[in-house]
Each structure stands twice: as C-alpha cells, then as structure tokens.
Amino acid sequence: MKIQSLDLPDEVKRFYLDSGILELYPPQAEAVEKGLLEGKNLLAAIPTASGKTLLAEFAMLKSIQAGGKALYIVPLRALASEKFRRFQEFSELGIRVGISTGDYDLRDEGLGVNDIIVATSEKTDSLLRNETAWMQKISVVVADEVHLIDSANRGPTLEVTLTKLRKINPSCQILALSATVGNADELAAWLEAELVVSEWRPTELLEGVLFNGIFYCRDKEKLIEQPTKDESINLALDTIREGGQCLVFESSRKNCMAFAKKAASAVKKTLSAEDSEALAWIADEILENSETDTSTTLAACIRSGTAFHHAGLTTPLRELVEGGFREGKIRLISSTPTLAAGLNLPARRVIIRSYRRYSSESGMQPIPVLEYKQMAGRAGRPRLDPYGEAVLLAKSYEEFVFLFKKYIEADAEDIWSKLGTENALRTHVLSTISNGFARTKEELMDFLEATFFAFQYSNFGLSTVVEECLTFLQQEEMLESTDALVPTNFGKLVSRLYIDPLSAARIAKGLREAENLTELTLLHLVCSTPDMRLLYMRNQDYQEINDYVMAHANEFVKVPSPFDITEYEWFLGEVKTSLLLVDWVREKSENEICLKFGIGEGDIRAIADIAEWIMHVATQLARLLDFKGAREAAELEKRIHYGAGPELVDLLDIRSIGRVRARRLYETGFRSTADLAGADPEKVAALLGPKVAERIFKQIRTRGEVPEIEEPETPGKSSSSGQRTINDY
Ligand SMILES: Nc1ncnc2c1ncn2[C@@H]1O[C@H](COP(=O)(O)OP(=O)(O)OP(=O)(O)O)[C@@H](O)[C@H]1O
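Since the model is a prediction, treat every value here as computed from it, not as a measurement.

Conventions adopted
- Residues numbered from 1 in each chain as written.
- Predicted model: local features only at pLDDT ≥ 70, side-chain atom pairs only at ≥ 80, totals over all residues.
- Heavy atoms only, no water.
- Axes fitted to C-alpha atoms, helices over the stretch in contact; angles between N-to-C directions.
- Helix = DSSP H or I, 4+ residues; strand = E, 2+ residues; numbered from the N terminus.
- Parallel < 35°, antiparallel > 145°, perpendicular 65-115°, else oblique.
- Contact = heavy atoms within 4.5 Å.
- Nonpolar A, V, L, I, M, F, W, Y, C, P; charged D, E, K, R; others polar.
- pLDDT = per-residue confidence, 0-100.
- Salt bridge = Lys/Arg side-chain N within 4 Å of Asp/Glu carboxyl O.
- Buried < 20%, exposed > 50% of the residue type's maximum accessible area, 1.4 Å probe, protein only.
- Near = heavy atom within 4 Å.
- Polar contact = N/O pair within 3.5 Å; in protein donor to acceptor, adjacent residues only side chain to side chain.
- Areas by Shrake-Rupley, 256 points an atom, 1.4 Å probe, with all protein chains shown as cover.
- Core = buried A, V, L, I, M, F, W, Y, C linked by side-chain atoms within 4.5 Å.
- Phe/Tyr/Trp six-rings, centres within 6.5 Å; stacked < 30°, edge-to-face > 60°.
- Lys NZ or Arg CZ within 6 Å of the ring centre and 35° of its normal.

Participant: Would you mind going over the packing of helix α22 (residues 541–551) against helix α23 (residues 565–585) in detail, with residue names and values included?
Facilitator: Interaxial distance between α22 and α23 falls to 10 Å at its minimum, and their mutual angle equals 80 degrees. The orientation of α22 relative to α23 falls into the category roughly perpendicular. Side by side, α22 and α23 meet where D541, Y542, I545, N546, Y548, V549 and M550 of the first sit next to Y568, E569, F571, L572, V575, K576 and L579 of the second. Residues of the contact of α22 with α23, tallied by class, amount to 10 nonpolar, one polar and three charged.

Participant: Can you break down the confidence of the model for the protein chain residue by residue, with the values?
Facilitator: Per-residue pLDDT for the protein chain averages 89, and the proportion of residues at 70 or more is 95%. Within the protein chain, the element-level pLDDT minimum falls on strand β15 (residues 356–359), averaging 80, and the maximum on strand β5 (residues 140–143), averaging 97. Confidence over residues 705–729 falls short of pLDDT 50; this stretch has 52 contacts with residues more than four positions distant or in other chains. Both scores are available for the predicted complex, with the pTM at 0.85 and the ipTM at 0.97.

Participant: I'd like a rundown of the pattern of salt bridges, residues and numbers included.
Facilitator: Under the defined criterion, the tally for this structure stands at 46 salt bridges. A salt bridge links R439 to E443, with the nearest nitrogen and oxygen atoms 3.7 Å apart. E443 sits in the partly exposed class, given a relative accessible area of 26%. Among the charged side chains, a network of salt bridges with common partners joins K222, D238, E242, R348, R349, R381, D385 and E389.

Participant: Just give me the short version of the site of the ligand, but keep the residues and values in it.
Facilitator: Looking at the ligand, there are 17 residues lining it, with E23, Q28, K52, T53 and R383 nearest. For the ligand, an oxygen atom lies 3.2 Å from a polar atom in the backbone of S50. Between K52 and the ligand, the recorded distance is 3.1 Å, taken from a backbone N or O atom to an oxygen atom. Coverage of the ligand by the protein amounts to 85% of the 630 Å² it exposes when considered alone. By residue number, the principal contributor to the shell around the ligand is helix α3 (residues 52–65), which donates three residues. When the residues that make up the shell around the ligand are grouped by side-chain class, the tally is six nonpolar, six polar and five charged.

Participant: Quick one: what's the story with unusual backbone geometry, residue by residue and with numbers?
Facilitator: Non-glycine residue E145 carries a positive phi angle of around 55 degrees. With respect to the element layout, E145 can be found in the loop between β5 and α6 (155–168). Overall, E145 belongs to the buried group, its relative accessible area being 9%. Unusually for a residue other than glycine, E587 sits at a positive phi of about 70 degrees. With respect to the helices and strands, the residue E587 is situated in the loop between α23 and α24 (590–597).

Participant: Residue-level account of the nonpolar core, with values.
Facilitator: Formed by 78 residues in total, the largest nonpolar core has its most connected members in L425, I507, M615 and L621. Considering every element that reaches this core, the biggest residue donor is helix α25 (residues 601–625), with 11 residues. Beyond its immediate stretch of four places on either side in the chain, M615 contacts L522, L523, V526, A633, L636, E637 and I640. With 47 residues, the next largest nonpolar core counts L205, L313, L317 and I333 among its residues.

Participant: Can you tell me about the packing of aromatic side chains, naming the residues and giving the values?
Facilitator: Think of a pair of aromatic rings as described by two things: how far the centres are apart, and how the planes are tilted against each other in angle. Counted under the stated rule, the structure contains 20 aromatic pairs. Both rings, one in Y72 and one in F87, keep their centres 5.1 Å apart while their planes meet at 65 degrees; by these two values the pair is edge-to-face. Placement of Y72 in strand β2 (residues 70–74) and of F87 in helix α4 (residues 77–87) is noted, with a sequence separation of 15 residues between them. Through pairs of rings, three or more aromatic residues link up here, namely F15, Y16, F58, Y72, F87 and F90. Just above the ring of W190 sits the side chain of R166; from NZ or CZ to the centre is 5.7 Å. Over the ring of F472 we find R426, and its NZ or CZ is 5.9 Å from the ring centre.

This is the structure in structure tokens:
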C-alpha cells in the first residue's frame with residue numbers, strides 16, 4: 001500500500017515521502033484496511049520496530065488536521081522524551097507538541113494549546129484527577145506499550161486512565177500499541193477495537209541458543225571463533241568484527257558492569273583511531289556530568305567501546321550511553337532489562353546472558369516469554385542490519401533444550417489486569433469518586449465494570465474489595481460517612497496529590513502523634529508510606545541500622561517490636577532509606593552516598609524525587625488538617641530537591657546554583673540572594689566562572705537592580721566550562 005494512496009492530507013503524505021517512507025509495512029496496511037484512518041479503535045500487537053509508532057502518527061495527524069487533539073500515553077518518562085523529540089519533527093506541518101511528566105498536582109492547562117500531548121500514564125491520571133479542561137477535547141488517545149496493563153505497579157493506573165478517558169470522550173479514537181501478547185483478542189474486545197496481530201518485522205530475526213561455542217537457530221548452525229575464554233565475549237566480537245553492535249542483557253547491575261569491564265579489552269582491539277577519539281569525547285562528557293566511582297568505571301569502559309546501562313545511572317549518563325550507541329561508536333552495551341522496556345535502541349545481536357530474575361517471593365525465576373520477546377525484539381536495526389540475532393546461553397544440553405522450548409518456540413503469555421487488589425483499588429476508588437465519576441456505590445460499580453479487570457474476571461469478587469476500600473476511606477475521613485459517596489476536603493486533596501490513600505493516612509497519623517518533628521522523624525514518616533521506594537537491606541546493614549534505631553528510638557513516631565521479624569525488617573529498610581535522605585540533605589557527596597548505601601547516582605535521584613513528592617504531600621496535608629510540621633516539611637521538601645542544608649535554601653532558588661555552588665558561595669560570605677545582589681560581580685565570577693555568574697545576576701536583575709558583568713577580555717579563560725555538571729546540584 002503506497003503512502004500516496006492513503007486518505008491523509010497532502011502535506012502529511014509529502015512529509016513521509018520526503019523522509020523516505022514510500023509504502024506501508026504489511027501490518028500497517030492491514031491497520032489502514034481495518035479503519036485506522038476512519039477513526040476506528042485499533043489494537044496493533046506487532047513486534048518491536050515493525051512500525052507501530054507510524055500508525056499512531058497517521059491517526060493523530062489525520063485527526064489534528066480535522067481540528068482534533070491527540071494524547072500519547074507512554075509508561076516511562078524516558079520513552080515520553082523519545083516520542084516528544086520524534087513528534088517535534090511535525091513542526092514543519094504546523095503541529096505543536098507538548099510533554100507532561102512533571103508534578104502530579106498541576107493541571108498543566110497551558111499544555112492545552114498543543115495538538116499532541118505526550119504524557120506518562122501516571123501523569124495522565126493526575127491530569128484527569130485535577131480536572132484539566134483540555135482533556136475533554138482529546139480526539140485520539142494512543143496507549144503505547146499497552147501490554148504493561150499486566151504489570152502490578154503500572155498496570156492499574158493505565159487501565160483506569162483508559163477507562164476514564166473512554167467515559168469522558170466516548171467518541172475518541174483509541175489506538176493501543178502492544179508487543180505480541182497471548183490474549184490480544186481479549187484486550188481488543190475490551191477496547192472495542194479492531195485487531196492487527198502480526199509477527200512480521202522489517203529485519204529478519206534469528207533466535208537461537210549458544211551451546212559449546214555453536215550458535216544454533218532455526219535451520220542454521222554457526223561455529224563462533226574463540227579468541228577469548230568467555231563465549232559471550234566471543235559472540236560479541238563475532239558481531240562487532242562484522243560491523244554490528246551488541247546488546248547484552250544481564251539480570252543485575254553488578255553483572256552488567258562486570259561484563260562491560262570484562263569485554264572492554266577485547267572490544268578495544270576492534271576500534272579505529274577515529275573511533276577511539278569519538279569515544280574519548282563521550283567518556284569526557286560522562287566525567288563532566290558525574291564524579292562517582294561508577295561513572296569513572298563507565299567512562300573507562302566507553303574509552304574501549306563498551307558501556308553498561310541500568311537504573312542506577314542518572315538520566316544524562318544514560319542518554320550519553322544511548323547516544324554513543326545510536327551513533328555506532330559504542331559497540332556493546334551491557335544492560336538490565338530497563339533498556340528493553342520500550343526504548344528504541346536496536347543492535348544486530350542481542351545476547352541474553354541471564355534469563356532469570358530475582359524476586360523476593362520466589363528467588364531466581366525464569367523471566368516471562370513476553371520479556372524475552374521484548375529483549376529479542378531489539379535485534380536488527382531496520383535498514384542497517386541484514387538481520388538481527390537473539391542469542392540465549394546454555395550451559396548444558398538440558399538447558400539448551402529448555403531454552404528452545406521455553407522461549408524460542410513459545411508464544412508470549414496472556415496479560416492480566418492487576419486492578420483487583422485493595423492496594424490498587426484504594427487509590428482509584430478515591431480518585432473515581434473525587435472526579436465525580438461515581439456518586440453512589442452503584443455508579444462506582446458501573447464505572448469499575450468498564451475496566452479490563454471486570455472484563456476478564458466478570459466482576460468476580462470486585463464488590464467485596466470495593467466495600468473494604470470504601471470502609472477504609474470513610475474510617476480515614478477521606479469520604480463522608482454517608483451512603484452517598486462524597487469525598488471530604490481531605491479526600492479530594494489526597495486524590496489531587498496523586499498519592500496512595502494509605503500513605504496519606506500514615507502521614508496524617510504520624511504528624512498527629514509525633515512528639516518531636518526532627519529531620520529524621522519527617523524523613524522516616526515519608527519512607528514509611530507505601531508510595532516510597534525503599535533500599536534493599538544488605539546483610540552488612542542489619543547490625544548498623546539496628547544500632548542506629550536503638551540510639552535514636554525517640555525520633556521515630558513508632559518503632560515496631562524486633563520480635564515481629566517481618567515488620568521490623570521492613571522498618572529497618574525504611575530507616576536505611578531515611579538515612580540516605582539525611583545524608584543527601586546534609587550535603588554528603590554523591591559518591592560517598594553511593595558507596596555507603598551500595599547504590600547508583602540514579603537511585604539517589606529516583607529516591608529523592610519520590611521523597612520530595614511525598615514530603616510535598618505532608619506539607620499540604622499538615623496545612624489542610626492544621627497539624628504541626630507544615631513549615632518543617634516545606635523546608636525539607638526544598639532541601640530534598642537540592643540535597644542541601646536549610647541555610648542554602650534561599651541561594652538554591654536561583655537556577656544554576658546547585659548544592660556545591662551554593663555551599664561555595666555561602667562559605668565565601670554570600671549567604672543569600674540579597675548578599676549576591678550587592679556583591680562585587682568580579683568576585684562572584686572568579687568564584688563560579690563569568691558565564692554562571694552572568695546567569696545568576698540575570699535572574700537577580702529580574703528581581704531588582706544589580707551591575708552588569710563585564711565579559712573577560714580573553715574569552716575561553718572562564719573557569720567553568722559552562723556545562724551543567726553534577727556539582728551544579
Ligand atoms: N512503512 C515504513 N517504511 C519504511 N520505514 C518505516 C516504515 N514504518 C516505520 N518505519 C521506520 O522504522 C523505524 C521503526 O518504526 P516505529 O518507531 O514506528 O516502530 P515501532 O514498532 O514503534 O518501534 P518501537 O517498538 O521501538 O516503538 C522508524 O525509524 C520508522 O521511521
């Protein structure tokens with residue numbers, strides 16, 4: 001099917017023809033035949049890189065040209081940024097694109113001027129809870145990676161968000177993009193959507209197992225040369241020498257880093273002088289951005305053409321690794337499956353070194369087939385690689401046979417709604433009532449009957465769980481104690497703040513009962529909520545944290561009995577996470593924190609982000625309920641944001657002044673923005689570099705009168721590279 005023949009505006013067809021897309025892939029053609037461009041709902045369950053996003057673009061552009069507005073929902077912020085960058089290319093068509101991934105208690109009304117809004121499912125849900133007006137005008141909803149409805153933590157929000165959007169916009173077109181799943185027909189029926197299921201890919205995928213140095217797949221066997229003792233490295237070198245790149249999936253960050261380091265010396269031998277120069281630049285950028293042992297190791301690997309990628313890296317570092325790989329400079333990335341979750345980073349060969357995953361309930365378990373297919377689907381760059389190869393490693397003949405049966409010859413599992421638990425429903429029952437979707441139990445059940453959970457389980461047991469949620473919400477005074485479902489002001493605030501009602505109840509109880517609200521008391525209160533992500537307890541942590549608790553027992557609202565082993569262990573994890581935040585707000589260096597707690601910089605950022613949000617909730621709740629602690633919580637919220645002491649908060653309100661620069665200014669006597677306003681500009685420029693100083697004075701100038709900065713006579717002498725480094729924070 002030619003692009004020219006499509007029922008799309010001429011300028012849209014020209015846009016694609018100019019980008020070299022002349023005709024549709026078979027699944028795309030099937031989608032058009034099934035009504036994609038006639039506003040019909042459609043579920044496309046097709047492999048990675050087989051053109052799903054293009055389908056969404058066609059539907060969105062068609063609707064926008066007719067005056068509509070599109071909402072593109074993704075599961076991850078990284079994917080939101082990737083799609084936002086892609087859709088910005090439509091600016092030549094006069095299409096405006098916005099992205100919304102920020103705080104969860106904003107309406108983001110300003111985004112309504114855009115034709116396409118990209119948002120995570122959580123952010124979409126919070127926009128609905130905050131009754132964002134432009135949500136009523138959405139004409140096309142794209143749910144990318146919709147198979148994640150199956151995930152326990154993200155699934156319920158995506159499912160309820162789609163249910164709400166269909167309620168407020170019954171006529172809007174739903175376009176669901178999914179990896180191949182076992183029950184795509186069931187998902188399509190729930191969405192009242194046409195279904196396109198296909199295994200077609202633009203680049204052939206060879207799936208196989210490496211056993212005794214031979215790569216076995218379908219009808220091929222390939223003997224892999226053995227230049228080193230490690231068969232995974234040999235497999236990687238085999239591809240790199242052919243001009244391809246490798247993605248290696250490991251089950252843990254430690255193994256990721258270890259393999260990237262181990263492969264470095266062998267990969268380095270394949271590099272040209274030009275490659276090495278380009279890689280050195282990337283490595284220098286890494287060190288500009290971060291000063292931890294992990295980033296030092298990463299930079300060293302990159303100089304040899306390898307890298308590792310996991311959630312412990314900060315976003316700038318991950319983007320540098322991804323960019324270096326896309327440009328073909330980094331030859332091998334060793335990653336945890338984060339990379340496979342939707343990020344478009346294909347490679348000629350994908351090596352799955354570990355197909356097991358650790359879970360606290362059942363230890364090391366084989367990953368689901370769906371997850372294997374996601375990783376395997378990254379093999380083969382369209383138009384660049386002649387084929388893609390996904391390789392599992394077998395250490396025995398039994399494992400060799402198992403892997404073929406379990407993964408290569410198997411179909412992906414069915415996906416199942418995870419909404420039917422009290423943890424999931426508690427949040428969504430309150431938001432459904434707060435948003436006026438339900439004023440009585442009957443209306444609430446009607447709303448829930450429109451969910452995928454009800455579609456799959458035909459409401460089994462839903463009423464009982466809902467009853468338990470309503471009882472809890474009334475006991476915690478988030479709902480009026482009436483037959484009608486009426487949210488209290490407390491309940492409305494909890495819904496708008498996008499927090500688990502159980503978290504809100506714990507915070508309210510803690511603020512009410514706390515004798516003294518120290519920094520630790522508030523930080524632990526935040527860490528004791530179900531919304532908080534806790535650090536794992538390593539064996540060496542137990543004694544140290546336990547001793548700390550004994551010495552500071554009066555700073556905790558409640559210390560559980562050590563004889564209640566499960567609850568006490570969980571409490572120790574809360575305390576360990578609280579102590580990370582104490583070090584963070586007391587300006588311990590990131591490297592020191594990483595080494596002390598056994599984490600990455602990305603974890604500090606991720607945990608600080610969540611803690612900041614929950615502390616923001618504590619501030620709002622203390623104010624609403626007139627509890628003590630609002631001022632202390634508001635100050636801590638800022639300190640968590642910057643990772644700094646209270647005396648620096650005024651300085652930190654200035655962009656370009658992060659925790660390191662603020663401390664340097666403070667120690668030099670510039671203790672506030674007022675001090676800076678009256679400061680000798682040359683002195684500040686000497687301290688922070690003229691470019692940073694100018695950015696600072698420019699902000700202060702907008703708040704009052706201060707002298708201009710004279711640029712130095714000899715440009716390039718600035719002490720600061722002008723790059724925002726980790727020390728800006
Ligand atoms: N019909 C086509 N002809 C040529 N190239 C195409 C066609 N459709 C898509 N592409 C190109 O193939 C690449 C992958 O397309 P797209 O991103 O739509 O796939 P996808 O399935 O969404 O990938 P992912 O699963 O990574 O999100 C893009 O570079 C896109 O421009």
